[in-house]
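Now for the letters of each chain:
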Amino acid sequence: MRYWLMKTEPDVFSWDDLERCPNRTTMWEGVRNYQARNFMRDEFGVGDGVLFYHSRKNPSVVGVARVVRAAYPDPTQFVETSRYFDPRSAPDAPRWVTVDVQAERRFPEPLTLSRLRAERGVAGMALLAPGSRLSVQPVRPHEWEEVCRLAGVTVD
DNA sequence: GCCAACGTTGGC
DNA sequence: GCCAACGTTGGC
């Protein structure tokens, strides 16, 4: 089992939105970055842990989710009216994949980026690297444990 | 294959 | 809203 961090702009899709989804589960559509895609396609497994991160507005880790379905073609890449439409992707050779993610535990309080920057135990996180923009990032086990500890929750 | 132009991300 | 950092595109 692995651990990940996934970014979302809360104005587009927030933790509240995830909790409102049927079975608290959503298709993580719209990833259009090759490095992020490769993580999902090649390394994501059912049961992996996900730090759910709100970017831009009060940037924070706001909860923990689970991968409940491994990679499959992202249907939005074929929908012409979708903001995620990719005219260069062919149905017989999909370019982009998605996974299904289920809400597990909301943090009692958002764990802010500024707090994380101040904590030595998470100093190596990809999230904190200068200029890091990757929307799907690996998280090391000790980083996962420390983030959950700082948030005041216990999650395997 | 280089790299300038362009578009996007995301902290501030 | 600004803009630096980064990724992608496409001419050559």
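Reference entry: report on the structure contained in this document. (Residues numbered from 1 in each chain as written. Chains lettered and ligands numbered in written order. Predicted model: local features only at pLDDT ≥ 70, side-chain atom pairs only at ≥ 80, totals over all residues. Heavy atoms only, no water.)

### What to know about the pattern of salt bridges
Part 1: This structure, assessed with the given rule, holds 14 salt bridges.
Part 2: A salt bridge links Arg66 to Glu104; the shortest N-O distance between them is 2.6 Å. Taken together, the positions of Arg66 in strand β4 (residues 60-73) and Glu104 in strand β5 (residues 97-112) put the pair 38 residues apart, joining distant regions of the chain.
Part 3: The class for Arg66 is buried, based on a relative accessible area of 12%.
Part 4: One salt bridge in this structure joins Glu146 and Arg149, with 3.0 Å as the shortest N-O distance. In this pair, Glu146 and Arg149 are both assigned in helix α4 (residues 141-151), three residues apart and thus about one turn of the helix distant.
Part 5: With relative accessibility at 15%, the residue Glu146 sits in the buried group.
Part 6: Take Arg149: its relative accessible area is 53%, and that puts it in the exposed class. (Salt bridge = Lys/Arg side-chain N within 4 Å of Asp/Glu carboxyl O. Helix = DSSP H or I, 4+ residues; strand = E, 2+ residues; numbered from the N terminus. Buried < 20%, exposed > 50% of the residue type's maximum accessible area, 1.4 Å probe, protein only.)

### Overview of α4
Part 1: Considered for burial, the residues of α4 that qualify are Glu143, Trp144, Glu146, Val147, Cys148, Leu150 and Ala151.
Part 2: If you follow the buried residues of α4, they end up packed against β1 (3-8), β3 (49-54), β4, β5, α3 (113-118) and β6 (136-139). (Contact = heavy atoms within 4.5 Å.)

### Thoughts on helix α2 (residues 34-43)
Part 1: Along α2, the residues that are buried comprise Ala36, Arg37, Phe39 and Met40. The buried residues of α2 occupy an angular sector of 155 degrees when the element is viewed end-on, so they sit on one face.
Part 2: Residues of α2 that are buried make contact with β1, β4, β5 and β6.
Part 3: Near the N-terminus of α2, the side chain that reaches the backbone nitrogen of Gln35, with its oxygen 3.0 Å away, is that of Asn33. (Arc of directions from axis to C-beta. Polar contact = N/O pair within 3.5 Å; in protein donor to acceptor, adjacent residues only side chain to side chain.)

### Comments concerning the protein's contact with DNA strand B
Part 1: Lining the immediate environment of DNA strand B, one finds Lys7, Tyr53, Ser55, Arg56, Pro59, Leu113, Arg117 and Arg133.
Part 2: In DNA strand B, atoms within 4 Å of the protein come from the sugar-phosphate backbone in 52% of cases.
Part 3: Contact between DNA strand B and Lys7: a phosphate oxygen at 2.9 Å from a side-chain N or O atom of the residue.
Part 4: A distance of 2.6 Å is found between a phosphate oxygen of DNA strand B and a backbone nitrogen or oxygen belonging to Arg133.
Part 5: Of the residues contributing to the surface near DNA strand B, the split by class is three nonpolar, one polar and four charged. (Near = heavy atom within 4 Å. Nonpolar A, V, L, I, M, F, W, Y, C, P; charged D, E, K, R; others polar.)

### Comments concerning the pairing of β3
Part 1: When you tally the buried positions in β3, you get six out of six residues, the bulk of the element.
Part 2: What you see with β3 is no split at all: Gly49, Leu51 and Tyr53 on one side and Val50, Phe52 and His54 on the other are buried throughout.
Part 3: Direction of pairing for β1 relative to β3: parallel, over a ladder of six bridges. Counted as the bridge partner of Thr8 is His54 from β3.
Part 4: Both β3 and β4 contribute to a ladder of six bridges, which runs antiparallel. Bridging across to β4, Gly49 finds its partner in Arg66.
Part 5: Counted along the chain from β3 to the antiparallel partner β4, the turn is five residues long, and its residue Arg56 has a positive phi close to 75 degrees. (Pairing = 2+ DSSP bridges.)

### Regarding the layout of surface pockets
Part 1: Estimated volume of the largest pocket: approximately 640 Å³.
Part 2: Lining the largest pocket are 20 residues; nearest its centre among them are Lys7, Thr8, Glu29, Gly30 and Tyr84.
Part 3: Going through the elements one at a time, β1 and β2 (25-27) are the ones with two or more residues in the lining of the largest pocket.
Part 4: Grouping the constituent residues of the lining of the largest pocket by class yields seven nonpolar, seven polar and six charged. (1 Å grid on protein atoms, 1.4 Å probe; cavity = no way out; pocket = protein on both sides within 12 Å on 5 of 7 lines; lining within 4 Å. Points joined across faces, edges and corners; volume = space filled by probe spheres on them.)

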